[in-house]
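Read off the chains here:
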Amino acid sequence: MHNAADGDAPAGEGQTMTAVAREEDDTVVLATEEDLRQAVRGALQRCGLTYQQLAEQARTGRFSSVRARLAWVAIGDLGHLAT
């Protein structure tokens with residue numbers, strides 16, 4: 001993770017980042033593409049599915065578990081990182 005308060009933002013062309021603001025100290029934490037890849041891998045491992053299987057469950061609206069549904073909510077738009 002990168003702390004944007006450090007002032008040396010790592011964002012470059014083609015990089016994916018997600019920012020999370022923490023109200024208590026005005027710090028913005030940026031998730032790098034590698035952070036997001038790890039999150040996608042972890043979510044898929046925890047629900048025991050591939051991204052394609054999870055996407056199919058989302059398409060039909062029939063999730064195999066609550067964990068699978070939560071995984072889709074968390075990573076559904078990050079399919080390009082599910083490699």
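Residues numbered from 1 in each chain as written. Predicted model: local features only at pLDDT ≥ 70, side-chain atom pairs only at ≥ 80, totals over all residues. Heavy atoms only, no water.

Caption draft 1: How the structure looks around the packing of helix 2 (residues 51-60) against helix 3 (residues 66-75). It is at 10 Å that the axes of helix 2 and helix 3 come closest, and there the two elements cross at 100°. As judged from the angle between their axes, helix 2 and helix 3 are roughly perpendicular. Every residue of helix 3 that contacts helix 2 at Tyr-51, Leu-54, Ala-55, Gln-57 and Ala-58 is listed here: Ala-68, Ala-71, Trp-72 and Ile-75. Taken together, the residues that form the contact of helix 2 with helix 3 break down as 8 nonpolar, 1 polar and no charged. (Axes fitted to C-alpha atoms, helices over the stretch in contact; angles between N-to-C directions. Helix = DSSP H or I, 4+ residues; strand = E, 2+ residues; numbered from the N terminus. Parallel < 35°, antiparallel > 145°, perpendicular 65-115°, else oblique. Contact = heavy atoms within 4.5 Å. Nonpolar A, V, L, I, M, F, W, Y, C, P; charged D, E, K, R; others polar.)

Caption draft 2: Representation of the packing of helix 1 (residues 33-47) against helix 3 in the model. At a minimum axis distance of 9 Å, the contact between helix 1 and helix 3 shows a crossing angle of 165°. On the basis of their axis angle, the class for helix 1 and helix 3 is roughly antiparallel. Crossing of helix 1 against helix 3: the hand is left-handed. For the pair helix 1 and helix 3, contact is made by Ala-39, Val-40, Ala-43, Leu-44, Arg-46 and Cys-47 and by Arg-67, Ala-68, Ala-71 and Ile-75, respectively. In the contact of helix 1 with helix 3, the residues fall into 8 nonpolar, no polar and 2 charged. (Left-handed = near helix turned anticlockwise from the far one by under 90°.)

Caption draft 3: Fine view of helix 1. Between its first and last C-alpha atoms helix 1 spans 21 Å; for 15 residues at 1.5 Å apiece the expected length is 21 Å, and the two agree. Regarding helix 1, the residues found buried are Asp-35, Leu-36, Arg-37, Val-40, Gly-42, Ala-43, Leu-44 and Cys-47. Just downstream of helix 1, Gly-48 is the residue with a positive phi angle, here 70°. (Expected span 1.5 Å × (residues − 1). Buried < 20%, exposed > 50% of the residue type's maximum accessible area, 1.4 Å probe, protein only.)

Caption draft 4: Summary view of the nonpolar core. Ranked by size, the top nonpolar core spans 15 residues in total, and within it Val-40, Leu-44, Leu-54, Ala-68 and Ile-75 carry the most contacts. If you list the elements that add at least two residues to this core, you get helix 1, helix 2 and helix 3. Residues in contact with Leu-44, not counting those within four places in the same chain, are Leu-49, Thr-50, Tyr-51, Leu-54, Ile-75 and Ala-82. (Core = buried A, V, L, I, M, F, W, Y, C linked by side-chain atoms within 4.5 Å.)

These values are about where atoms sit, not about what they do.
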